[in-house]
Amino acid sequence: MGSYLSDPEKFIFETRVLQQTELSNGSVEVLLEETYFYPTSGGQPHDLGWLNDIDVLEVSERDGKIIHHLPQKLTHSSISARINLQRRRDHCQQHSGQHLLSRILENLHHAETLSFHLGEEICSIDLDVPPLSKDHLALIENKCQEVILSALPVQESYGESHEWEKLELRKKPKIEGRIRIISLGNVDSNACCGTHVKNTLEILTILLLSTEKIKEGFRLYFLCGERAIQYSRKIHRKLALVQNLLQTNQEKVEEELLRLLDRVKTQYKTITQMEKEREQVLCDAWKAKSHELFKQEPHNGYVDICESRRVASAAAEALLGAGFKAVLLCYEDRLLLTSKNHPLETVWLELQKEFSIKGGGKSLRYEGGGLSAETIPRLIQQWQKKLNLMLSSSI
């Protein structure tokens, strides 16, 4: 195991370069005589920092050796190393908080933690039980906070993996042989090779955000420590903004939002009904004028712009019924191309290629989208030319 475990609070140190390997992408892998950088392991991301002021982009472990990934070679064999303290402390808070959260979930709901993900912004654990209610999650948060405020020491010890039950570990270790054990007072003990806080008070708090159903059970998203505090502050600022917009106090925000939502739903239903009635009037208008339009159009083809798909479909049906042999109708950013008995595949493929139309159809009817207001006039012009050729060739 690395020196980061024997002295996890050492963030500045001097060391020597043992080996540098330049890769084909220009990055460099550096092996140091001694290092306190933590490599990605056990769901916890690697440390970041600097070697002689050159950024450490990644830290990994390979064949028991810790590899530091840099963007360029080091020019001196003796170096000064610094670990990003803020990132390390954040990871300690998230990881120790996860141990506590997993223990409380197991105690209260017999939920086993299947996996842990410590992300850049949010953390999650996968559990083997059905999703828990909001009330249950609130109780879990409160119980976690009780333990945090108990100021329990977080300590490491070592044992043998085959004695995990005797050691009262939360779950069976994945590795064989000698294992490192992290204990939160007498509340939780589990095999772990990650970095942790020294006392539960350093976790500060645990905030449960949301759940997501998965095949094995459910995924629980959460934040610990400073992340949780910053997130709560952000939410509080947003709540204050909503409170001001609603011109109400904080206790009545939910009530006012529900009232506003109900009002919006009612207005939406009214508007939707009005739109349907308006569309019906437009559809009826097309039926009424289609025969007159047919008398005026010498080539028996028709092109126009409609308000919606429903209106375009009704208009196309009426126009074909009146005697037009082919119809092109544009609506929004889409088009409807249809004919009574003239196959349109060739014309459609040409238009589709020229105007990058996304869509399709079959023989006598095609629909597609992706048009802009600028291309529609040119599309109509091209259609009229192709329509004339199509109809003249079929005479």
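All of these numbers come straight from a predicted model, not from anything done at the bench.

### Observations concerning the sheet that holds strand β10 (residues 154–160)
Read from one edge of the open sheet, three strands run β10-β11-β12, paired in antiparallel fashion. Two strands bound the open sheet, and with one partner strand each, they are β10 and β12 (188–191). Averaged over all adjacent pairs, the angle separating strand axes in this sheet is 25 degrees, with direction ignored.

### A word on helix α5 (residues 253–296)
With 44 residues, α5 extends 61 Å between its outermost C-alpha atoms, agreeing within 8% with the 64 Å of an ideal straight helix rising 1.5 Å per residue. At Lys289, α5 shows its maximal bend, which comes to roughly 45 degrees. Three or more residues of α5 are buried, namely Val253, Glu256, Glu279, Cys283, Trp286, Ser290 and Leu293. Among the structural elements, α4 (225–246), β15 (301–306) and α6 (309–322) are those in contact with the buried residues of α5.

### Considerations on the sheet that holds strand β5 (residues 58–62)
Within a sheet, adjacent strands bond to each other through the backbone by hydrogen bonds, running parallel or antiparallel. The sheet built from seven strands is open, its strands ordered β4-β3-β7-β1-β2-β6-β5 with antiparallel pairing. Two strands bound the open sheet, and with one partner strand each, they are β4 (54–56) and β5. With direction set aside, neighbouring strand axes in the sheet form an average angle of 40 degrees. Sheet analysis places strand β1 (residues 12–22) next to strand β7 (residues 78–83), joined by five bridges and oriented antiparallel. Its bridge partner being in β7, Arg16 is matched across the sheet by Ser78.

Criteria and cut-off values
- Residues numbered from 1 in each chain as written.
- Predicted model: local features only at pLDDT ≥ 70, side-chain atom pairs only at ≥ 80, totals over all residues.
- Heavy atoms only, no water.
- Pairing = 2+ DSSP bridges.
- Helix = DSSP H or I, 4+ residues; strand = E, 2+ residues; numbered from the N terminus.
- Axes fitted to C-alpha atoms, helices over the stretch in contact; angles between N-to-C directions.
- Expected span 1.5 Å × (residues − 1).
- Bend = angle between axes of the 7 residues up to and from the residue.
- Buried < 20%, exposed > 50% of the residue type's maximum accessible area, 1.4 Å probe, protein only.
- Contact = heavy atoms within 4.5 Å.

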